[in-house]
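These are the residues of each chain, in order.
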Amino acid sequence: MAFSKKTVKDIDVDGKRVLVRVDFNVPLDHGNVADDTRIKAAIPTIQYLVDHGAKVILMSHLGRPKGDGPEPELSLKPAADKLRELTGLDVTFVEDTYGEKAKEAAESLKPGQVLVLENVRFDKREKKNDPEIAKKLADLGDLFVLDAFGTAHRAQGSVVGPAAYLPAVAGFLLEKEVDTLTSIFADPKRPFVAIVGGSKVSSKIGVLDHLLDSVDTLIIGGGMAYTFFLAKGYTVGTSLIEPDWVEAAKDMMKKAEKNGVNLLLPVDNVVADHFGEDATGTVVPSNEIPDDMMGMDIGPKTEKLYADAIKDAATIFWNGPMGVFEFDQFSKGTKAVAEAIAQNENCTSIIGGGDSVSAINKFGLADKMSWISTGGGASMELVEGKDLPGVEALENA
Ligand code: ADP
Ligand code: MG
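Keep in mind that what you see is a predicted model, and the values were worked out from it rather than measured. (Residues numbered from 1 in each chain as written. Chains lettered and ligands numbered in written order. Predicted model: local features only at pLDDT ≥ 70, side-chain atom pairs only at ≥ 80, totals over all residues. Heavy atoms only, no water.)

Side note on the sheet that holds strand 5 (residues 91-93)
Note on sheets: strands pair through backbone hydrogen bonds, and any given pair is parallel or antiparallel.
Now for step 1: Taken together, six strands build an open sheet; the order of strands is 5-6-4-1-7-8 and the sheet is parallel. Edge positions in the sheet fall to strand 5 and strand 8 (168-170), since each of these pairs with one other strand and no more. Shown here is a sheet whose adjacent strand axes are inclined to one another by a mean of 25°, direction ignored.
Now for step 2: Both strand 1 (residues 17-21) and strand 7 (residues 143-146) contribute to a ladder of four bridges, which runs parallel. Across the sheet, Leu19 pairs through a bridge with Phe144, a residue of strand 7. (Pairing = 2+ DSSP bridges. Helix = DSSP H or I, 4+ residues; strand = E, 2+ residues; numbered from the N terminus. Axes fitted to C-alpha atoms, helices over the stretch in contact; angles between N-to-C directions.)

Thoughts on empty space enclosed by the protein
Now for step 1: Across all of its chains, the model carries one cavity of 30 Å³ or more by this definition.
Now for step 2: Considering only enclosed or pocket space, the largest cavity measures out at about 30 Å³ in volume.
Now for step 3: For the lining of the largest cavity, the residue count by class is two nonpolar, two polar and three charged. (1 Å grid on protein atoms, 1.4 Å probe; cavity = no way out; pocket = protein on both sides within 12 Å on 5 of 7 lines; lining within 4 Å. Points joined across faces, edges and corners; volume = space filled by probe spheres on them. Nonpolar A, V, L, I, M, F, W, Y, C, P; charged D, E, K, R; others polar.)

Observations concerning the layout of surface pockets
Now for step 1: Taken as a whole, the largest pocket spans an internal volume of roughly 750 Å³.
Now for step 2: What lines the largest pocket is a set of 28 residues, among which Asn25, Arg38, Thr374, Gly375 and Gly376 lie closest to the centre.
Now for step 3: Looking at the lining of the largest pocket, the elements with two or more residues in it are helix 1 (37-51), helix 12 (354-362) and helix 13 (376-383).
Now for step 4: A per-element tally of the lining of the largest pocket places helix 12 first, with four residues.
Now for step 5: The residue inventory of the lining of the largest pocket, partitioned by class, reads four nonpolar, 17 polar and seven charged.
Now for step 6: The volume enclosed by the second largest pocket comes to roughly 480 Å³.
Now for step 7: Those elements that place two or more of their residues in the lining of the second largest pocket are strand 14 (294-298) and helix 12.
Now for step 8: It is strand 14 that contributes the most residues to the lining of the second largest pocket, four residues altogether.
Now for step 9: Looking at the lining of the second largest pocket, its residues break down into nine nonpolar, 14 polar and five charged.

Laid out in structure tokens, this is it:
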């Protein structure tokens, strides 16, 4: 499925004020940008607009402000500084979003200049998708570009609002993310292997359900495996479980059988007597988890089983760590999966989700993956087969 919306390439931006919703929701450390991945990801669109004579106005949220006015520690100024440092472009920042100061700054822009507005969420009305603020934002520009993939699943003022008033198109990041995360379902090269881990079945049920319609092999790891074990009739000691989701896990196992999907569950596990950095791991088979122990990671036999399936894959989708990777002694399973993907050089590997991406970065394997999504929630919604409100609001190609 090709991307069906217009992009910046389909419109004339020369001399126009182009209002761009980016995702500059970056972690800050003492007023500095601690991880500039999201800023870097927005640069191709910004640079394209600058190169084509646009006056660029950037807006984003950062963190979770209360919405009652400015909170200096959540200002976008550090992001603006970082963008200037990374690109060498003429980037200015205005300490205003919806008011006169923002309007004046936008109106005095010259072609090739970039203006960063203050955090859109300093005003409550942003999250409520209030038409009044959408209008105020739209008044700043001639054209609207959505490139904030990370918030494209939220129908909020700056994400969908300006599209009601201005010609609205996608930026390159949004296009690439949507294209990548939907095309794997449209026509995947086979075998298509998906790996799903993380803490809970409940948060991944839509993902599992949709994957079971497409994949050849579905690999389960992480905390959610224990709810599947309950569904198989195993006892799981003090492992993380969701009793209300045992039936759903049974349904997933039935669906896998019906669709001819090879569903792989851990055959052995690293267990510990408590959850903590100082806990010691022991390996036990999946049907022999002691009553007073909890599963913290997949075991070595499972690592091998999963690596074998990954080795032959032509398409891989991965979301969710295999264990409590934040503690080194329980990060081996996640690392083994990451390494197996990295070693399969003939596959398209797509990684979605916040913690899986952190894990891959921690292991230094990011550049071995074909695509690492910049959006946690938005990527999950695409993998669930949902449409994103931000994308829906754009003009069709
Ligand atoms: P992602 O952000 O990649 O979608 P999740 O948020 O679903 O992943 O899950 C990540 C969390 O799952 C991590 O914090 C990890 O510690 C936790 N987790 C993984 N395995 C287990 C386990 N066996 N028991 C408890 N928590 C686990
Ligand atoms: Mg997470």
